[in-house]
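Coordinate inspection notes
Residue-level listing of the chains:
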Amino acid sequence: MNILLIGGSGSFINNLIIKLNKEGHRVYLLTGSRYDNHPYQKVFEKYNFGYDSTCLNEIFESIHPDLTIFMGAYDTNFNWRSAEEESVKYSARMMNILMSYVMAGSGRFVYLSSDEVYSGDYAADITEEQPSTPQGYKSMVLSQAEEMCASYRRTCDKDILVLRLDHLFVIPDYLIFRLTGSHVTDHTYGSRSMLMDLRRGEWSPELLRLFGVDRGKLGTLIEPSSVVGTVTEDGS
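The notes below deal with the structure included here. All residue numbers refer to position in the chain's written sequence, counted from 1. Per-residue local features are limited, in this predicted model, to residues with pLDDT of at least 70; the limit for side-chain atom pairs, both in listing and counting, is 80 or more; totals at the level of whole chains, interfaces and linings are taken over all residues. Side-chain calculation: all heavy atoms of the structure are included, whereas hydrogens and water are not.

Details of the overall build of the protein chain
The secondary structure listing takes helices from DSSP runs of H or I that are at least 4 residues long and strands from runs of E that are at least 2 residues long, numbered from the N terminus. Check the secondary structure of the protein chain and you find seven helices and ten strands. When each of the 236 residues of the protein chain is scored for burial, the buried share is 42%. Long-range pairs, those at least 24 residues apart, make up 61% of the contacts in the protein chain between residues at least 6 apart in sequence. Carbon and sulfur atoms make up 50% of the accessible area of the protein chain, which amounts to about 13,200 Å² in all. In this scheme, a residue with accessible area under 20% of its type's maximum is buried, one over 50% is exposed, and one in between is partly exposed, where area comes from a 1.4 Å probe on protein chains only. Any pair of residues with heavy atoms lying within 4.5 Å of one another is described as a contacting pair. A 1.4 Å probe and the Shrake-Rupley method give the accessible areas. Residues count as covered only by the protein chains that appear here.

With respect to the packing of aromatic side chains
Pairing of aromatic side chains here covers Phe, Tyr and the six-membered ring of Trp, requires ring centres within 6.5 Å, and sorts the geometry by plane angle: under 30 degrees stacked, over 60 edge-to-face, intermediate tilted. Within this structure, the stated rule accounts for eleven aromatic pairs. Measuring from ring centre to ring centre gives 5.4 Å for tyrosine 28 and phenylalanine 44, while their planes differ by 70°; the resulting arrangement is edge-to-face. You can see tyrosine 28 sitting in strand β2 (residues 26–32) and its partner phenylalanine 44 sitting in the loop between β2 and β3 (45–50), a full 16 residues away along the chain. Note on phenylalanine 60 and tyrosine 101: the rings are 6.4 Å apart at their centroids and 65° apart in plane angle, and the pair reads as edge-to-face. One end of the pair, phenylalanine 60, is in helix α2 (residues 56–63); the other, tyrosine 101, is in helix α3 (residues 83–104), and 41 residues separate them in sequence. Of the residues examined, phenylalanine 60 reaches a relative accessible area of 1% and is grouped as buried. Through pairs of rings, three or more aromatic residues link up here, namely Tyr51, Phe70, Phe78, Trp80, Tyr90 and Tyr111. Only when the NZ atom of a Lys or the CZ atom of an Arg is both within 6 Å of the ring centre and within 35 degrees of the ring normal do we say a charge sits over the ring. Lying across the ring of phenylalanine 44, arginine 26 places its NZ or CZ 4.1 Å from the centre.

A closer look at the pairing of strand β5 (residues 108–114)
A regular strand carries its side chains on alternate faces of the sheet. Burial analysis of β5 places six of its seven residues in the buried class, which makes it a mostly covered element. By definition, two strands form a pair when at least two bridges between them are found by DSSP. The pairing of strand β4 (residues 67–70) with β5 spans four bridges and is classified as parallel. Counterpart to phenylalanine 70 in the pairing with β5 is tyrosine 111. When β5 meets strand β6 (residues 160–165), the two strands line up parallel, connected through six bridges. Paired with valine 110 across the two strands is leucine 161, which belongs to β6.

Brief notes about the nonpolar core
The term nonpolar core refers to a set of buried residues drawn from Ala, Val, Leu, Ile, Met, Phe, Trp, Tyr and Cys, joined through side-chain atoms within 4.5 Å. Of all hydrophobic cores here, the largest spans 48 residues; its most connected members are Leu5, Phe70, Tyr90, Met94, Phe109 and Tyr111. Breaking this core down by element, the ones donating at least two residues are β1 (2–6), α1 (11–22), β2, α2, β4, α3, β5 and α4 (137–156). Broken down by element, the residue count for this core peaks at seven residues, all from α3. Ignoring any residue separated from it by four or fewer positions in sequence, one finds tyrosine 90 in contact with Phe70, Gly72, Ala73, Phe78, Trp80, Tyr111, Val141, Leu142 and Ala145. Leu195, Trp203, Leu218 and Leu221 belong to the second largest nonpolar core, which has six residues in total.

As for the packing of α2 against α3
Across the interface, α2 lies against α3 with an axial gap of 9 Å and an inter-helix angle of 40°. As far as their axial angle goes, α3 and α2 are oblique. As α2 runs across α3, the sense of the crossing is right-handed. Judged by residue contacts, Leu56, Asn57, Phe60 and Glu61 of α2 engage Asn96, Ile97, Ser100, Tyr101, Met103 and Ala104 from α3. The residue inventory of the contact of α2 with α3, partitioned by class, reads six nonpolar, three polar and one charged. Only the contacting stretch of a helix is used when fitting its axis, a line to C-alpha atoms as for every element, and angles between N-to-C directions run 0 to 180 degrees. An angle counts as roughly parallel when it lies under 35 degrees, as roughly antiparallel when it exceeds 145, as roughly perpendicular when it falls between 65 and 115, and as oblique in every other case. If you view the pair so one helix is near and one far, a crossing is left-handed when the near helix is turned anticlockwise from the far one by less than a right angle, and right-handed when it is turned clockwise. The residue classification treats Ala, Val, Leu, Ile, Met, Phe, Trp, Tyr, Cys and Pro as nonpolar and Asp, Glu, Lys and Arg as charged. All others, Gly included, are polar.

Taken by themselves, the reported measurements are silent on function.
In structure tokens:
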């Protein structure tokens, strides 16, 4: 399968590349920057172009991807320090990517959104049908991007899927979460994320800002072999 990943460098996209390579897919990468010198895992072909480039149409037509995944809310090309300015850029780039995908008419498009489109406290689990309640520029533009995907899906009859992610897990963390409900990461796996301050044994605020990762998406760091909880009724 030809798979096009769209997003800036970071542990999330690199782990995704590793997984797809292991499954035998042919992975292409659009970095979103003309001058990207950040490390990525090995891909079949890498394109260093901005999302506003006129070359996007040609890239889609050349690859004919069976699957396109846009990192969206987790794209490290957007730093959100100036949320108002970044939201304008995000919306325009999202539109250009979607237009290029639609014009090429190839495969499924997956947009990774975030639970940040919801604000406030909810007594029950949020369902797929629950309308978003964004507050602030970032959550508002993420919600608008979801609506953009829905509009293109209806109007152009395209296979466009929105995935809202809550937390970021590696596989052991996910198993622990499913069994106990605890969102934790031991130092062994945390150190592989390139987001840890190894001297302090904590998530590095500087690296989180650099890669645009929300601290709330990461598990609490613990020592290996720590007791993290008991198996819940749902996990048993």
